[in-house]
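Here is what each chain is made of, one letter per residue.
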Amino acid sequence: MSTSADEKENAMPRTLPEGFVWGAATASYQIEGAVNEDGRGPSIWDTFSHAPGNTLNGDTGDVAADHYHRYEQDLDLLKELGVGAYRFSIAWPRIQPTGSGPAVQAGMDFYSRLVDGLIQRGIAPVATLYHWDLPQALEDAGGWPARDTALRFGEYAELVVGALGDRVHQWTTLNEPWCAAYLGYAAGVHAPGRREPAAALAAVHHLNLGHGLAGVAVRELAPTALLSVTLNLHVHHAASDSPADVEAVRRLDAVGNRAFLGPMLDGEYPGDLIEDTMAVTDWSFVRDGDLAVTPVPLDNLGVNYYTTGLAQQWDGHSPRVRADGHGDSGASPWVGAEDVDFLPQSGLHTAMGWKVEPAGMTELLLRTAKRYPGLPLMVTENGAAFDDAVDDDGAVHDAERASYVARHVDAVAAAIEQGADVRGYFVWSLLDNFEWAYGYDRRFGIIRVDYDTQERTWKDSARTYQRMVATNAVPDLD
Ligand code: FCB
């Protein structure tokens, strides 16, 4: 091909393959509100957000985007956006207020109406069974570090899939177990706010086991639905090519990525992970037979990608550098790799302090596709928080967010061109929402929520995304 033809091709907007799934994502606690309605029990996020000092401005999910009452209107937004799929999560404490026992009908009915509303609008429901709102009663009994929580999760999955499995197109067992385990039980910056590294590793295993048990329930009760799990796989680069920095990246990969990929896809924990964490735990919570349950066959792997990290082995005496973008409680989420530093990076960053690096998306998808050939991938979250300015006429010209989304979809298209089998992309998020420890201060929505009036307003990024969906292509980038 001549150079000019090359240039011409590069200048063309990239298109996505036919059948590519365009979607938008949310999560129950972040949008629903209505925390005391229809028999819902308290979750660990209710408790955590109500305890002083845990969230910015003391924000809680009590009202959030009031989606529980406004879901019809939100479904209309999805319809207007043109997306083919909507990824939402089911609040376990709406189904089982204390994490066990029969389903609360009113809670199930809400999700049933949501699913029907999606189907009526021609949108495929993609349901996540666990996006972090563990029933508080289960935390009181030990939480994810306790084996029983995994067993309860399997039972909860049976109830939900039994009720909705005839209509839900795709089931995702867990969202980002990395956050649930390490931010919740090691760093303590997420609910339940514990700082116990050994418990965090036990949580890792019980989340993996819960994934397997829930997956088996999906396979049995909804045999034609697709089964997946969503992982926030990390892309870390070594700050130098020194053996120590390269080794630091290996350890982050073990505890951050392979602690989940291993049991879920290979049926084993990586040997180097066990060695790296020997001083923390002996892994005796892994029982015979568990690793036959965790690798339940998946139809696709959900990948959430936002940023990259630059890792350096701490030399033991310089001041510590912590910029891994997950808040700093003084306790590291990187169990067994606490002595790794995360260096500040140059270039554009989002309001979360996360570096904008679309190339990391391509790298991650290609790397995962190469490691697990034959397993389709889905980008189940990607998006950005920026400080939105609202014009007098109510418009939000969020060019940075629009560009972030377009550049990352472009990076997905690049990965596909290079051979990765990526089936879809879900923007995070449909709506501004409760961004966990950052409360309402960080806005990820492509649609603005005015928290005083609950009014929804399309940001420019939503219009850009709508065009992308309609044309199945990435718009011209600046
Ligand atoms: C992910 C979470 C999601 C949202 C985004 C910004 O880690 O899955 O709920 O908070 O980050």
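A brief structural summary. Bear in mind the structure is a predicted one, so any value in this text is a computation, not a measurement.

## Topic: the overall build of the protein
Secondary structure assignment for the protein yields 16 helices and 13 strands. Relative to a compact globule of 478 residues, whose C-alpha radius of gyration would be 23 Å, the protein shows 21 Å and is just as compact. For the C-alpha atoms alone, the extent of the protein along its principal axes is close to 60 × 60 × 45 Å. Looking at the protein as a whole, 59% of its 478 residues are labelled buried. Within the protein, contacts between residues at least 6 apart in sequence are counted, and of these 77% link residues at least 24 apart. On the protein, roughly 17700 Å² of surface is accessible, and the fraction owed to carbon and sulfur atoms is 51%.

## Regarding the pattern of salt bridges
In total, this model carries 33 salt bridges according to the counting rule given. Measuring nitrogen to oxygen at the nearest pair gives 2.9 Å for the salt bridge that ties Arg40 to Asp46. Within this structure, Glu247, Arg250, Asp253, Arg258, Asp272 and Asp276 form a network of salt bridges that share partners.

## What to know about helix H15 (residues 399-417)
Look at H15: 27 Å from first C-alpha to last across 19 residues, which is about the 27 Å you get at 1.5 Å a residue. Of all 19 residues in H15, 14 are buried, a share of seventy percent or more.

## Focus on the site of the ligand
Around the ligand, the structure places Gln30, His131, Trp132, Asn175, Glu176, Tyr306, Glu381, Trp428, Glu435, Trp436 and Phe444. A distance of 2.9 Å is found between an oxygen atom of the ligand and a side-chain nitrogen or oxygen belonging to Asn175. In this structure, Glu381 approaches the ligand through a side-chain N or O atom, which is 3.0 Å from an oxygen atom. A total of 290 Å² of accessible area belongs to the ligand in isolation, and the protein chains cover 95% of it. For the shell around the ligand, a count of residues per class yields five nonpolar, three polar and three charged.

## Regarding the packing of aromatic side chains
Per the counting criterion, the structure on display carries 34 aromatic pairs. Summarising the aromatic geometry, the rings of Trp22 and Tyr465 are spaced 5.8 Å apart at their centres and angled 70 degrees between planes, so their arrangement reads as edge-to-face. On the criterion of sequence distance, the pair formed by Trp22 in strand S1 (residues 21-25) and Tyr465 in helix H16 (residues 460-471) is long-range, its members being 443 residues apart. Owing to a relative accessible area of 4%, Trp22 belongs among the buried residues under this scheme. Judged by centre distance (6.1 Å) and plane angle (80 degrees), the ring pair of Trp45 and Phe434 falls under edge-to-face. Of the two residues, Trp45 sits in helix H3 (residues 44-50) while Phe434 sits in the loop between strand S11 (422-428) and strand S12 (447-450), which places them 389 residues apart along the sequence.

## Overview of the nonpolar core
Among the nonpolar cores identified, the biggest contains 136 residues, and Ile90, Tyr130, Trp144, Trp171, Tyr182, Tyr425 and Tyr465 are the most heavily contacted of them. Considering every element that reaches this core, the biggest residue donor is helix H10 (residues 197-221), with ten residues. Residue contacts for Tyr465: discarding those within four places in its chain leaves Trp22, Gly23, Leu81, Val83, Val405, Tyr425, Phe426, Val427 and Ile446. Judged by nonpolar contacts, the second largest core, of 17 residues, contains Ala124, Trp354, Ala385 and Phe444.

## A short note on the sheet that holds strand S3 (residues 124-130)
Ordered by their spatial adjacency, eight strands build a closed barrel running S1-S2-S3-S4-S5-S7-S10-S11, and the pairing between neighbours is parallel. Sheet twist, expressed as the average angle between the axes of neighbouring strands with direction ignored, equals 25 degrees. Here strand S2 (residues 85-89) runs beside S3; their pairing, made up of five bridges, is parallel. Within S3, the residue paired with Ser89 across the bridge is Thr128. Contacts between helix H11 (residues 243-266) and the sheet are confined to strand S4 (170-175), strand S5 (226-231) and strand S7 (300-304), with S5 contributing the most and set at about 165 degrees to the helix.

Rules behind the numbers
Residues numbered from 1 in each chain as written. Predicted model: local features only at pLDDT ≥ 70, side-chain atom pairs only at ≥ 80, totals over all residues. Heavy atoms only, no water. Helix = DSSP H or I, 4+ residues; strand = E, 2+ residues; numbered from the N terminus. Rg over C-alpha atoms; globule rule 2.2 N^0.38 Å. Buried < 20%, exposed > 50% of the residue type's maximum accessible area, 1.4 Å probe, protein only. Contact = heavy atoms within 4.5 Å. Areas by Shrake-Rupley, 256 points an atom, 1.4 Å probe, with all protein chains shown as cover. Salt bridge = Lys/Arg side-chain N within 4 Å of Asp/Glu carboxyl O. Expected span 1.5 Å × (residues − 1). Near = heavy atom within 4 Å. Polar contact = N/O pair within 3.5 Å; in protein donor to acceptor, adjacent residues only side chain to side chain. Nonpolar A, V, L, I, M, F, W, Y, C, P; charged D, E, K, R; others polar. Phe/Tyr/Trp six-rings, centres within 6.5 Å; stacked < 30°, edge-to-face > 60°. Core = buried A, V, L, I, M, F, W, Y, C linked by side-chain atoms within 4.5 Å. Pairing = 2+ DSSP bridges. Axes fitted to C-alpha atoms, helices over the stretch in contact; angles between N-to-C directions.

So, to be careful, I would describe these as geometric facts and stop short of saying anything about function.
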